[in-house]
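Chains, contacts and geometry: an overview
Below, each chain spelled out in residue letters.
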Amino acid sequence: NICARLLAMQLKKMKCSTQRAENGQVAVNLLKDSLPGTFDMVLMDLRMPVMDGLEATKLIRNELKINDLPILALTGEMREDIRSECEGIGF
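Residues numbered from 1 in each chain as written. Predicted model: local features only at pLDDT ≥ 70, side-chain atom pairs only at ≥ 80, totals over all residues. Heavy atoms only, no water.

1. Topic: the overall build of the protein
For clarity, the cut-off: Note on conventions: DSSP H or I runs of at least 4 residues are helices, E runs of at least 2 residues are strands, and numbering of each starts at the N terminus. Relative accessible area decides the class of each residue, using a 1.4 Å probe on protein chains only: under 20% of the type maximum gives buried, over 50% gives exposed, and in between gives partly exposed. Any two residues having at least one pair of non-hydrogen atoms within 4.5 Å are treated as being in contact.
Check the secondary structure of the protein and you find 4 helices and 2 strands. By principal-axis analysis of the C-alpha atoms, the protein measures approximately 35 × 30 × 25 Å. Of all 91 residues assigned to the protein, the portion counted as buried reaches 27%. Relative to all contacts within the protein whose residues are 6 or more apart in sequence, the contacts with residues 24 or more apart total 64%.

Listed below in structure tokens is the structure:
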């Protein structure tokens, strides 16, 4: 996806390392299989195949119990219900 590649390029210019997950399930598995402190932040696309970002974040917060890792929602949607749902999940 072009947006993910552009974002990764910008982060690399700022000397940040990145790791991309193709979908929410891959993101959950990456966090599940990594040592605490491996990731400083997650940029989560809300609309992905297999498992969307909303469901992935619910699993990260509720099942993996990772509550201190900042997760930023990425979306082109501006609806108030989406914003409220994100805040309720723990973005």
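So that's the structure; there's more coming.
2. With respect to the pattern of salt bridges
When the charged atoms of two side chains lie near each other, side chains of opposite charge can form a pair. The line we're drawing: Here a salt bridge means any side-chain nitrogen of Lys or Arg lying within 4 Å of a carboxyl oxygen belonging to Asp or Glu.
Here the structure, examined in full by the defined rule, presents 4 salt bridges. Here Glu87 ties to Arg83 by a salt bridge, and the two come within 3.3 Å at their closest N and O atoms. With Glu87 and Arg83 both in helix α4 (residues 80-89), this residue pair falls 4 residues apart, about one helical turn. Accessibility expressed as a relative area gives 51% for Glu87, which makes it exposed. Exposure remark for Arg83: the relative accessible area of 52% places this residue in the exposed category. Overlapping salt bridges bring together Arg47, Glu77, Arg79 and Asp81 as one network.

3. Here we look at the nonpolar core
Note the threshold: Definition used in this section: a nonpolar core is a set of buried Ala, Val, Leu, Ile, Met, Phe, Trp, Tyr and Cys residues joined via side-chain atoms within 4.5 Å.
Residues Val28, Leu31, Val42, Met44 and Ile60 are the most contacted members of the largest nonpolar core, which totals 14 residues. Elements that contribute at least two residues to this core include exactly α2 (24-32), β1 (42-45) and α3 (53-62). Membership of the second largest hydrophobic core comes to 5 residues, among which are Leu46, Leu54, Cys86 and Ile89.

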